[in-house]
2 protein chains.
Amino acid sequence: MRWNLDQLRLFVEVAEGASFSAAARRLQRAQSAVSTAIALLEADLGLPLFERSSGRPPRLTEAGQALLEEAREVVRQAQRLDARALGLRQGEEVLLRLAQDEAMPYPPVLDSLEALAQAFPALEMRLASGAQGDVARRLLARQADLGLLFRHEHMPAELERRALGSIAMVTVCGAGHPLAARTVVDRRELARHRQLLVTPPQSGYPGGEQVGPQVWRGDSFYAMAELVLRNLGWAWLPVHVVQYPTYRPSLVELRSDWTPPPLVVELVWRRDEPLGPAARWLAECFATRLAAFG
Amino acid sequence: MRWNLDQLRLFVEVAEGASFSAAARRLQRAQSAVSTAIALLEADLGLPLFERSSGRPPRLTEAGQALLEEAREVVRQAQRLDARALGLRQGEEVLLRLAQDEAMPYPPVLDSLEALAQAFPALEMRLASGAQGDVARRLLARQADLGLLFRHEHMPAELERRALGSIAMVTVCGAGHPLAARTVVDRRELARHRQLLVTPPQSGYPGGEQVGPQVWRGDSFYAMAELVLRNLGWAWLPVHVVQYPTYRPSLVELRSDWTPPPLVVELVWRRDEPLGPAARWLAECFATRLAAFG
DNA sequence: CCCACCCATCTGCGATGACGATAGGTAACG
DNA sequence: CGTTACCTATCGTCATCGCAGATGGGTGGG
């Protein structure tokens, strides 16, 4: 195998134009160069690629036809390598590790990842879902490059963040709960029943505060939703959790005079590792889709 | 893109051995050549591929890791091209057009084609099934390269042939036919009932001769089998047709004192176009599988 | 401290491959 | 039937590229 990529490129060009001289003109070479290059390629491969009937445009032989496909593929692959190098040169990531809060709404995230796969086909992805504290922890431990979480107060200083959108909280109880009969409730009524509150170990996380004396606590919106389904109390939950097909028919939305502020979805990353093109692209995608979602 | 296939090969070699000098030794080059080649490749791509910490073996950078995969793929593709050229140089076909008698038993043919696809992945196949005369006609008209048919007397002289195996004929009738009650029949009894005979326009084809005065004729074993199912007569059919799952439960095999000679399966091709490697390989495959089938 | 080993760099040289010119051949046209 | 306008193959010349070998800096082991 003594032949060149250049020879393959010439081969493809000549085959497509059915002319040696035309290929030479297009590729800014002397006609003789094309002629000898093809001749050498044919010698190397041990096969005639073109039928030269003088005066008639050169025609591919049967072997030439078959090898043209192979040559095209080699050239294509070489261009791929170059394109990949260009991307990497511009800081494109090889691997993007995304950590997200497990309660993040799925549709916009999955849509964004699908689009990302199209825009950066060579990018390798690693996904991790975790409870609220996990996302920041993974970023700090350099186990993730990009995080998707709900804004809270205890954000470490090493992390940069950007708000993407917000998700409203609603007050819900189970269909069999005493409050289910009421359409409008005020804070005093809520205080009389058990509250199911999402509270990670540290306070300062979003999701609302304790209202009455009876409170069960948990670290997951989904776990709390399950408890609500069993009429163990009322809860404040993000609207997308309430509207999950699994929960929706059995949950009752209450109109109350007060609900916690909406959850703010934030993108988070290490201040000392600036985002590459893929991460920035993904951020934009998240932003627009979350906006459409909210 | 000024880099070379050679540079890529060096890159892969160096990465696999984690050593410039080792790669130089293996590829019979001077160490300096490897060093400069990699340096030039890095300059072309605009990226460092290796981390050279003096004394420690060179380690791939993250970009190097990613580009190594791309480079491997380019080299692999180039080798594919060369292998293909070698095959074509040895007369390997680009396209193989097989024409077969529609009554040919499927399992051995399909098994052989499956094996062919494995042995010659790049080969393009075109299949055609036809009645008995069609196979030879297609070969003569250069619409097929290889034929699979049952031996008969009117084989054109332009065609070469090779016997692959034989398939026994059996005497059958439908379950509701008067003969179905008999286990053994002789020629005189057969002559008293309608015979369903496979006879293409020209005589001299295999499948038996007319026995009694009442005969229906057709050009397909399958059409005749359908008539037998409807108790319209008895027939001589190849054993593999009789044993088709569709027919088997409703057909009755008769033991008779005489049946036509077995069908001889033959491979046929044009004398003026010698078979290529793929065709010869397929012929061997047919032969062994038909032998196992019979 | 010396030796073995590794990688980068420099220099000289040879093979490779480009160019331009030339030759030969076909098709269209007057 | 010559002329013209193409096309491709071949040849001679020459620059360039990239190899080999030598050199030097560096590291780790005996």
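Residues numbered from 1 in each chain as written. Chains lettered and ligands numbered in written order. Predicted model: local features only at pLDDT ≥ 70, side-chain atom pairs only at ≥ 80, totals over all residues. Heavy atoms only, no water.

Around DNA strand D, the surrounding shell holds 17 residues, and the nearest of these are Phe20, Ser21, Ser35 and Arg52 of chain A together with Ala30 of chain B. In DNA strand D, atoms within 4 Å of the protein come 60% from sugar and phosphate. Contacts to DNA strand D include Phe20 of chain A, whose backbone N or O atom sits 2.7 Å from a phosphate oxygen. A distance of 2.5 Å separates a phosphate oxygen of DNA strand D from a polar atom in the side chain of Ser35 of chain A. Contributions of two or more residues to the surface near DNA strand D are made by α2 (20-26) and α3 (31-45) of chain A together with α3 (31-45) of chain B. Broken down by element, the surface near DNA strand D gets its largest block of residues, 4 residues, from α3 of chain A. Broken down by class, the residue content of the surface near DNA strand D amounts to 4 nonpolar, 10 polar and 3 charged. (Near = heavy atom within 4 Å. Polar contact = N/O pair within 3.5 Å; in protein donor to acceptor, adjacent residues only side chain to side chain. Helix = DSSP H or I, 4+ residues; strand = E, 2+ residues; numbered from the N terminus. Nonpolar A, V, L, I, M, F, W, Y, C, P; charged D, E, K, R; others polar.)

Our next topic: the relation of the copies chain B and chain A. Mapping chain B onto chain A calls for a screw motion: a turn of 180° about the axis and a shift of 0.0 Å along it, with 0.1 Å RMSD after fitting. With respect to symmetry, the two chain copies, as superposed, fit the operation of a two-fold axis. Considering only C-alpha atoms, the part of chain B nearest the rotation axis is Val74 of chain B, at 3.1 Å. (Least-squares fit on C-alpha atoms with pLDDT ≥ 70 in both.)

The next point concerns the environment of Trp281 of chain B. All names here are of chain B. Here Trp281 shows up in helix α10 (residues 277-293). Taking relative accessible area as the criterion, Trp281 reaches 32% and is therefore assigned partly exposed. Separated by 35 residues in sequence, Trp281 and Thr246 place their C-alpha atoms 32 Å apart. With residues up to four places along the chain from it excluded, the contact list for Trp281 reads Ser112, Ala115, Leu116, Ala119 and Phe120. (Buried < 20%, exposed > 50% of the residue type's maximum accessible area, 1.4 Å probe, protein only. Contact = heavy atoms within 4.5 Å.)

All names here are of chain B. Note that Leu98 resides in strand β3 (residues 95-101). Leu98 sits 50 residues away from Leu148 along the chain, and the two C-alpha atoms are 7.6 Å apart. Aside from chain neighbours lying at most four places away, what touches Leu98 is Leu113, Met125, Arg126, Leu127, Ala128, Leu146, Gly147 and Phe286.

Turning our eyes to something else, we now look at the pattern of salt bridges. All names here are of chain A. As enumerated under the stated definition, the model contains 44 salt bridges over all chains in all. The partner of Arg72 in a salt bridge is Glu16, and the shortest N-O contact between them spans 3.3 Å. Note that Arg72 is positioned in helix α4 (residues 62-89) and Glu16 in helix α1 (residues 5-17), a separation of 56 residues in sequence. The closest approach of N and O atoms between Arg142 and Asp272, which form a salt bridge, is 3.1 Å. You can see Arg142 sitting in the loop between α6 (132-140) and β5 (146-150) and its partner Asp272 sitting in the loop between β13 (263-270) and α10 (277-293), a full 130 residues away along the chain. For Asp272, a relative accessible area of 45% corresponds to the partly exposed category. Through salt bridges with shared partners, a single ionic network connects Arg142, Arg270, Asp272 and Glu273. (Salt bridge = Lys/Arg side-chain N within 4 Å of Asp/Glu carboxyl O.)

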